[in-house]
Amino acid sequence: MSVRVRFAPSPTGKVHIGNIRTAIFNWLFARHEKGEFLLRVEDTDRERSTQEAIDALFACMSWLGLDYDGEIIYQASRTPAHLEAAQKLLAENKAYYGKAADGEKAPLLFRIPLNADDIPAVRTVGPAEIEIAPEQPVQISAAGVSFAIISRKGNPTPAEGCLAGFKDLKVLGNDGSCQFDLAANWGAVVGGQEFTVENGVRLAFTRREVFYQDMIKGELAKPLDSMKDQVIVRSDSTPIFHLANVCDDCYQNITHIIRGDDHVENTYRHILLFHQLGYPIPQYAHLPMIVNQQGKPYSKRDGDAFVGDFRSKGYLAEALFNYLTLLGWSPGDDREKMTKAEMVESFRLERVKSAPAQFDLNKLQNLNGMYIAEMASADFLAWAAGFAAEYQVPADTSSRQFADVALLMQSRTRQAENIREWGYFFSDEFEYNDKAVKKQLGNDAIRFGLEHFKSALATVLEFAPAEAEQLIRSTEKAVGLDEGKLNQPLRLAASGVTSGADIGSTLAMIGKEKMTGRIDRLLAHFNRIIAEA
RNA sequence: GUCCCUAUCGUCUAGAGGCCUAGGACACCGGGUUUUCAUCCCGGCAACGGGGGUUCGAAUCCCCCUGGGGAUGCCA
C-alpha cells in the first residue's frame, strides 16, 4: 500500500514553529516515499478554532511550499461519523456509559478490550505483583481496579487501571491468603457488580502490555494495568479528540502517523481503538519537541515562535524550511544547506533524533544569509523593497538608486533588519558613531585631508567608484597621509558608521554634491563634540 | 507522586564495540584576502553528565544516580 500521511493541526492559534516542523517532516516523508500528504483541520474545538487561524495556517504552508494532496478535511464536519463509530463500539460492547455527573448525561467510555490476548498489539509480559497500602480498600468494577500504591517515600498514592489490565487478579492479604479472585467473579464484575476488598497488601496478576515499533523511538510498550478506559463521547454528546482523530485516520486511510512526542502516551490507546474499530494499525513515528533558547518548551509567551513572524522578520521560506529540517534530523553526512530535492531524497524517519532540540536563532540567521546571498538580483530587490518602509529607508523602492544600493548590500544582508542600515544612501539624516568620530578625526592631518578631499571633489567631472577611490588616493598623497588613512573618516562622513560596502562604491553612490555637504557636516559635528567634552 | 522517553562542544549534530588523541556546522577568538565592512581562505577555543558493570577493548551494550522532556483531562 502506498504511503499516506497527514498533518492535522487544530486551528486554535497561530501556527507555531513546532507544529510546522511536524508538517515538514510529514511532507518530507510523503515526498520521499512518493506517497500522499493530506491535510486535516481538527477544528472540533468550536470555542477556540478561528477562521483567522485557518487562513494563517494555509498562508504559512504555501509560503513554505508544503503542498498537500487531495481535499482538506474539516474534522468538525465529520462529527456524525465519529458519533456513529461510537455507537458501533457501544453496540459491540467495546464501549460503555460511565457515571453521570449531577444532572448530566453519562459520558461514553472506550473499554480497553477485555479479550486483549486476541490482539496482535498486546502481549503477555508475565506474572506481576504490586504492593499496595492496606489501609486503602481495593475497588473492583467494570470500570477498572482502583487501589493505593506505596510511593518511594512510603506514602499511599492512589492508582487505578482498567479491568483488562487485571484479568486474573488476586488480591492478597497480609498472610498471603487470597482476599479476592477476579477470575472467579469475572462474570459478576463485567455484569456491573462492584467489589470492595479490605486489607489487601498485594495485587498479583499476569501483566500484559500494548506494544508497537516506533519508527523513531524503537519498540515502546505500556502495561494494560497502567491504562484507563477513556471517555470518547462527552456528556454533551460531542466526540473527544482521540475518537475523532482515530476515526479520521481510518477514514483517510492513513498509513503512517508522524506527530509530536507529546502523543506517545496516547498511542497505546489509539492502537486499541484502531483495532476495535476494525482498521489496520498504522505505523507511528514520534518527533522530539523543539525547545526555545532558554531550553524550555515553547509556550504562548514565546511570541517569536509563530511561523508568520519569521516571514515578516525577513527569513526566507527556504532558509526556515532547511533550518527546521535540521532540528532533530540530519542526512548522516556533513551536508547542511540542502535543496528541497536533496532533503526529500535523503529523508529517513529512522534518522530522526529522539531527544528535544533547542532552537538556535544564530544558525537560522546564518543559513538565511546564505540563501539571501544567492538570491537572483530581481528576487532580492523585490524582497528588500518589501521591507524598506518598515525599516525607515526613505527611498523610492522602484528607483534605479534603490536597486544599486540593494545589490551593493546584498552580500551583507542576513535578515531584513539589516536593511535599516541602508538609510544613509537616501537621506542626510543619520546619527554618528561618536566614539568612532573622535577616534578618526582626532588627528589634524585627517581633518585637513577631509577638507582637501572636499575641494578636490569640486574639480572632478566623473565620480564613479574607480574615480572616487582614485581621488581618495591622490588626496592622501597630496596631504602626506598613508594610503587608506582617509577611508574610515570618509565613511563616517558618508554614513556615520564604520562599516559598509567598499568605499569607492559607497561614495560614488551618494554622489559629489551630497558628499561635499556631508564632509562639512561631519567636521562641524566633530567640533561640537570636542567642545562639549 | 507515578509511568514513559531522553542525555556527545554554548547550540544543531556525526558516531550503531576497535577507524575517536571524538568529525562537521553555527556562535566566539585569532590570522590572511578585501587599503574599510561583508563574502572567502587558514587556524584556535570547546563535548562523550556522574558512578558502577560487561569486554582484551565502550561515546557506543547493561544497571544505578543526576539533569532535561513528555504523560498522567468529559483539552487537542
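Residues numbered from 1 in each chain as written. Chains lettered and ligands numbered in written order. Predicted model: local features only at pLDDT ≥ 70, side-chain atom pairs only at ≥ 80, totals over all residues. Heavy atoms only, no water.

So, about the overall build of chain A. Per the secondary structure count, chain A includes 18 helices and 19 strands. The C-alpha radius of gyration computed for chain A amounts to 34 Å, which surpasses the reference 24 Å derived for 533 residues by more than 25%, pointing to a less compact arrangement than a globule. For the C-alpha atoms alone, the extent of chain A along its principal axes is close to 110 × 50 × 50 Å. The proportion of buried residues among the 533 residues of chain A is 51%. Here chain A has roughly 25000 Å² of accessible surface; of this, 49% comes from carbon and sulfur atoms. Positive and negative side-chain charges of chain A, numbering 59 and 71 respectively, have mean locations separated by a distance of 2 Å. (Helix = DSSP H or I, 4+ residues; strand = E, 2+ residues; numbered from the N terminus. Rg over C-alpha atoms; globule rule 2.2 N^0.38 Å. Buried < 20%, exposed > 50% of the residue type's maximum accessible area, 1.4 Å probe, protein only. Areas by Shrake-Rupley, 256 points an atom, 1.4 Å probe, with all protein chains shown as cover. Lys, Arg positive; Asp, Glu negative; His and termini not counted. Charge placed at Lys NZ, Arg CZ, Asp CG, Glu CD.)

Let us look at the packing of helix 14 (residues 444-459) against helix 18 (residues 512-532). Their axes nearest at 10 Å, the elements helix 14 and helix 18 cross at an angle of 160°. Classified by the angle between their axes, helix 14 and helix 18 sit roughly antiparallel to one another. Where helix 14 crosses over helix 18, the handedness of that crossing is left-handed. Between helix 14 and helix 18, the residues in contact are R447, L450, E451, F453, K454 and L457 and K512, M515, T516, I519, D520, L522, L523 and F526, respectively. For the contact of helix 14 with helix 18, a count of residues per class yields 8 nonpolar, 1 polar and 5 charged. (Axes fitted to C-alpha atoms, helices over the stretch in contact; angles between N-to-C directions. Parallel < 35°, antiparallel > 145°, perpendicular 65-115°, else oblique. Left-handed = near helix turned anticlockwise from the far one by under 90°. Contact = heavy atoms within 4.5 Å. Nonpolar A, V, L, I, M, F, W, Y, C, P; charged D, E, K, R; others polar.)

Counting all residues, the mean pLDDT for chain A is 91, and 99% of those residues have values of 70 or more. Here the predicted complex carries an ipTM of 0.94, next to a pTM of 0.92. (pLDDT = per-residue confidence, 0-100.)

Evaluated as defined, the whole model comprises 33 salt bridges. Of the charged contacts in the structure, one is a salt bridge between D43 and R46, with a shortest N-O distance of 3.4 Å. For K363, the salt bridge identified is with E336, shortest N-O distance 3.1 Å. Pair noted here: K363 is in helix 10 (residues 361-373) and E336 is in the loop between helix 8 (317-325) and helix 9 (340-346), with a separation of 27 residues, a long-range link. Under the relative-accessibility criterion, K363 is labelled partly exposed at 35%. On the basis of relative accessibility, which here comes to 39%, the residue E336 falls in the partly exposed class. One continuous salt-bridge network, built from bridges that share partners, spans R6, R40, E42, R78, D248 and D249. (Salt bridge = Lys/Arg side-chain N within 4 Å of Asp/Glu carboxyl O.)

The next subject is the sheet that holds strand 2 (residues 36-41). Taken in spatial order, the 3 strands of this open sheet run 1-2-3, and their pairing is parallel. Either end of the sheet is taken by a strand with one partner, and the two such strands are strand 1 (4-7) and strand 3 (73-74). Its contacts with the sheet put helix 2 (residues 51-64) on strand 1, strand 2 and strand 3, and the angle it makes with strand 2 is roughly 160°. The sheet strands contacting helix 5 (residues 241-251) are strand 1, strand 2 and strand 3, and the helix crosses strand 2 at an angle near 145°. (Pairing = 2+ DSSP bridges.)

Below, the discussion takes up the nonpolar core. Core analysis: the largest hydrophobic core is formed by 108 residues, its most contacted members being I20, F359, W383, W422, L490 and L507. The element best represented in this core is helix 1 (residues 17-32), accounting for 9 residues. Not counting the four nearest positions on each side in its chain, I20 is found in contact with V15, C60, M61, L64, L66, V307 and L324. Counting residues in each nonpolar core, the second largest holds 55 residues, with F195, M227, C250 and I254 among its members. (Core = buried A, V, L, I, M, F, W, Y, C linked by side-chain atoms within 4.5 Å.)

Further remarks concern the protein's contact with RNA strand B. R234, S235, R412, G500 and D502 are the nearest of the 56 residues found near RNA strand B. Expressed as a percentage, the sugar and phosphate content of the atoms of RNA strand B within 4 Å of the protein is 70%. The side chain of R351 places a nitrogen or oxygen atom 3.2 Å from a phosphate oxygen of RNA strand B. Between RNA strand B and the protein, one listed contact pairs a base oxygen with a backbone N or O atom of D502 at 2.7 Å. When grouped by side-chain class, the residues that make up the surface near RNA strand B number 13 nonpolar, 19 polar and 24 charged. (Near = heavy atom within 4 Å. Polar contact = N/O pair within 3.5 Å; in protein donor to acceptor, adjacent residues only side chain to side chain.)

With that out of the way, let us pick up the sheet that holds strand 9 (residues 156-161). Strands pair in a sheet through their backbones, by hydrogen bonds, and they do so in one of two ways: parallel or antiparallel. Overall, antiparallel pairing links the 4 strands, which are arranged 9-8-7-12 in an open sheet. Each having just a single partner strand, strand 9 and strand 12 (195-197) make up the two edges of the open sheet. On average, adjacent strands in this sheet sit at an angle of 20° to one another, irrespective of strand direction. As judged from the 3 bridges shared by strand 7 (residues 138-141) and strand 8 (residues 144-150), these two strands associate in the antiparallel manner. Looking at the pairing, Q139 lines up with S146 of strand 8.

Burial of helix 17 (residues 503-510) is extensive: 7 of the 8 residues sit out of reach of the surface. Those residues of helix 17 lying buried are I503, G504, S505, T506, L507, A508 and I510. At its buried positions, helix 17 is contacted by helix 12 (400-409), helix 14, helix 15 (465-479), helix 16 (487-495) and helix 18. With a side-chain oxygen lying 3.3 Å from the backbone nitrogen of G504, the N-terminal cap of helix 17 falls on D502. Just downstream of helix 17 lies G511, where phi reads positive at about 100°.

Summarising the element assignment, Q415 is placed in the loop between helix 12 and helix 13 (434-441). Engagement of the side chain of Q415 in a polar contact is seen with the side chain of Q365, the distance being 3.4 Å. Contact partners of Q415, with chain neighbours within four places excluded, come to K313, Y315, Q365, N368, I372 and W383.

This paragraph deals with the environment of I140. Structurally, I140 can be placed in strand 7. When residues no more than four places from it in sequence are discounted, the contact partners of I140 are V145, L169, V171, F180, L182, V189, Q193, E194, F195 and V197.

Two elements, strand 10 (residues 170-173) and strand 11 (residues 178-181), share 3 bridges in a ladder whose sense is antiparallel. The residue of strand 11 that forms the bridge with V171 is F180. Connecting strand 10 to the next strand, strand 11, in antiparallel fashion are 4 residues, including G176 with a positive phi near 85°.

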